[in-house]
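Breakdown of the fold
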Amino acid sequence: MKKNLKRLGKEYPITLFIIVTTLAFSFLILSANYFHYPVNGAKDYIFIAFHWIASTLGIFCILSILNLNRFIFILFPILLTTSSVVAYFTWQYDISINSALVESILYTDANEVQNYLSVPLVLIIALSLIAGIYTVYKRFRLRLKRKDFFVIIIIACVASLAFYSVNRLRFNTLMVRSPFSLYLASKQYFDEKEEIQANRFFLGDDATAKTDTITVIFVIGEALRADHVQLNGYYRTTMPMIEELGAISLPNVFSPYTHTAQSLMYILTRADSLNTLPMYEESSFIDIFKSSSFKTVWLGNQNPIKTFRFFINECEQVFINKPQLSDYSNTKKLDSDLIPHLEDFLGGSSAKKLALIHIAGNHWWYNKNYPDTFAIFHPILENKIISPSNRERMINSYDNATLFTDYVLSEFIVRMANENALLIFLADHGQSFGEEGKWLHANNTDAEKNPACFIWLSDEYKSRYPDRVKNLELNKNKFINTSFLFHSILEGSDISSPFIIPNLSVFSEVFQQEMVNTDLTRE
């Protein structure tokens with residue numbers, strides 16, 4: 001064995017050097033990505049091992065590029081130290097590098113940095129620099145031979161193909177992990193900055209509010225399907241508080257998009273099944289509210305992404321909860337964290353307010369979206385395996401997340417119950433639990449196209465606008481495309497705008513239901 005390694009070291013010194021460095025780097029750095037991963041049995045360990053090996057192939061590719069020239073390899077200590085710091089925070093706090101975190105870091109001052117410094121972190125930085133410099137020294141003692149070069153190229157090509165293929169099995173499953181996320185998050189950050197600066201047509205001109213005081217909350221739900229709400233006939237009581245508060249459910253809402261990135265663009269703009277261009281060319285209804293002298297805020301428990309970052313920045317105030325935690329992290333990131341921020345906003349001096357609240361709701365992995373006290377339905381998920389054998393546990397955890405959403409929404413409502421106010425809840429899409437052989441979302445199944453939606457109106461609102469309440473009751477069971485939101489929230493907020501189409505508003509007596517189950521994803 002030793003003789004073979006010595007011979008390999010003589011024939012292919014750089015290849016062996018890359019392999020050894022890759023294994024050491026992967027063991028020390030990549031392993032932190034799985035520290036918080038829920039494990040329950042051999043299948044989970046096999047999955048982690050498979051994922052770790054696939055990620056290791058990516059590390060081999062990176063180190064192969066650096067090793068093609070010894071002077072390029074001088075960058076290795078920077079890569080190692082940066083990756084070590086990220087691995088430390090991933091291990092300690094389950095953070096994920098994403099565009100929202102990049103933005104937070106860029107606006108962090110020296111005092112905040114000092115709060116995160118510790119003896120273990122300083123030691124990790126020092127040891128990483130020493131190890132990185134020593135590795136560069138070892139590399140400078142080696143020479144790249146011609147046949148060594150070709151072997152590296154061949155192995156790197158195979159490794160990159162395998163890495164790319166695995167990453168496509170589930171979108172960016174490898175790239176969202178450290179250290180690859182350093183590149184992905186930076187790219188997404190600059191893409192989002194470019195999107196924010198995009199030239200769009202603003203809709204606020206000629207908009208006015210016909211009321212002096214009103215509070216409007218639009219809650220963007222996540223992956224809650226209509227048939228898992230007892231208001232719509234579900235056998236479990238998953239939203240008792242919302243029912244008690246008198247919310248009016250719209251059980252037949254149809255979403256043409258079954259993934260968040262496109263769905264939110266469609267919901268927030270005046271796009272409809274006949275014209276989707278406003279998703280890309282116009283502002284959202286937020287600009288109309290601002291032009292009507294509304295104070296606006298975006299409260300997010302999900303990190304922004306490029307497709308709707310522009311609309312977030314239309315709001316005068318923006319708060320993103322715990323941006324260091326990815327939407328796919330395993331650490332709890334609760335929607336109830338947004339309650340005090342909403343309370344502060346509602347306590348402001350403005351008489352007209354619009355709050356857009358993007359909750360985590362029923363986002364996968366469900367267990368992290370609710371506190372343990374809301375684990376009412378059992379047994380719950382113990383791992384992330386998506387399969388028929390785990391279906392019961394998935395649904396139980398999913399319904400527990402819905403129970404917690406019910407609680408959070410009730411807390412939003414009680415804080416404006418005595419005002420002229422309305423709250424609209426609309427999930428971006430539903431969720432599949434094996435129907436048609438599909439799981440989660442982005443599959444265009446019927447369950448995913450039927451998101452939960454309901455509207456709560458305060459007593460004062462009902463007394464001021466009895467005709468709207470009557471029309472809403474008449475329209476609630478009709479077939480409704482999610483394009484209704486733009487026109488309904490404006491009319492429901494007593495705003496006048498040339499862009500409101502009455503037959504697309506559920507508050508209007510001339511509302512017309514959509515007759516065709518349009519699938520815009522096939523355009």
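Residues numbered from 1 in each chain as written. Predicted model: local features only at pLDDT ≥ 70, side-chain atom pairs only at ≥ 80, totals over all residues. Heavy atoms only, no water.

Observations regarding unusual backbone geometry
Threshold: Only DSSP runs of H or I covering at least 4 residues are called helices, and only runs of E covering at least 2 are called strands; the numbering of each starts at the N terminus.
With omega at 5°, the peptide bond leading from W364 into W365 counts as cis. Structurally, the position occupied by W365 is in the loop between β7 (352-358) and α16 (391-414). Put simply, H378 and P379 share a cis peptide bond, and its omega is 0°. Looking at the secondary structure, you find P379 in the loop between β7 and α16. Of note in the backbone geometry, A223 takes a positive phi value of approximately 60° without being a glycine. Along the chain, A223 falls in the loop between β2 (214-221) and α10 (240-244).

Comments concerning the sheet that holds strand β8 (residues 421-427)
The pairing of strands in a sheet comes from backbone hydrogen bonds and takes either a parallel or an antiparallel form. To keep it simple, the criterion reads: Any two strands between which DSSP finds at least two bridges are classified as paired. Should any heavy atoms of two residues lie within 4.5 Å, those residues are considered in contact. All axes here are fitted lines through C-alpha atoms, helices being fitted over the stretch that makes contact, and every angle between N-to-C directions spans 0 to 180 degrees.
Taken in spatial order, the seven strands of this open sheet run β3-β11-β8-β2-β7-β5-β6, and their pairing is mixed. A strand with exactly one partner marks an edge of an open sheet, and here the two such strands are β3 (248-249) and β6 (317-320). Pairing analysis gives two bridges linking β3 to strand β11 (residues 453-457), with the strands arranged antiparallel. Along β11, the bridge assignment pairs S249 with F454. Relative to the sheet, helix α19 (residues 484-492) contacts β2, β7, β8 and β11, its axis offset from that of β8 by approximately 170°.

As for the packing of aromatic side chains
Where we set the bar: Classification of ring pairs rests on two measures: the distance between centres of Phe, Tyr or Trp rings, Trp counted by its six-membered ring, which must be within 6.5 Å, and the angle between planes, read as stacked under 30 degrees, edge-to-face over 60 and tilted in between. Partly exposed residues are those whose accessible area sits between 20% and 50% of the maximum for their type, while under 20% is buried and over 50% is exposed, using a 1.4 Å probe and protein chains only. Lysine and arginine charges are scored as sitting over a ring when NZ or CZ, respectively, is within 6 Å of the ring centre and within 35 degrees of the ring normal.
Applying the stated rule across the entire model yields 32 aromatic pairs. Judged by centre distance (6.2 Å) and plane angle (70°), the ring pair of F218 and F285 falls under edge-to-face. With F218 in strand β2 and F285 in helix α13 (residues 285-291), this residue pair connects regions lying 67 residues apart in the sequence. For the pair formed by F218 and F285, the shared burial category is buried. Judged by centre distance (5.7 Å) and plane angle (45°), the rings of F374 and Y407 are tilted. One end of the pair, F374, is in the loop between β7 and α16; the other, Y407, is in helix α16, and 33 residues separate them in sequence. R200 extends its terminal NZ or CZ atom over the ring of F310, reaching a point 4.9 Å from the ring centre. Positioned above the aromatic ring of F377 is the side chain of R236, whose terminal nitrogen or guanidinium carbon lies 4.2 Å from the ring centre.

These figures come from the coordinates and say nothing about function on their own.
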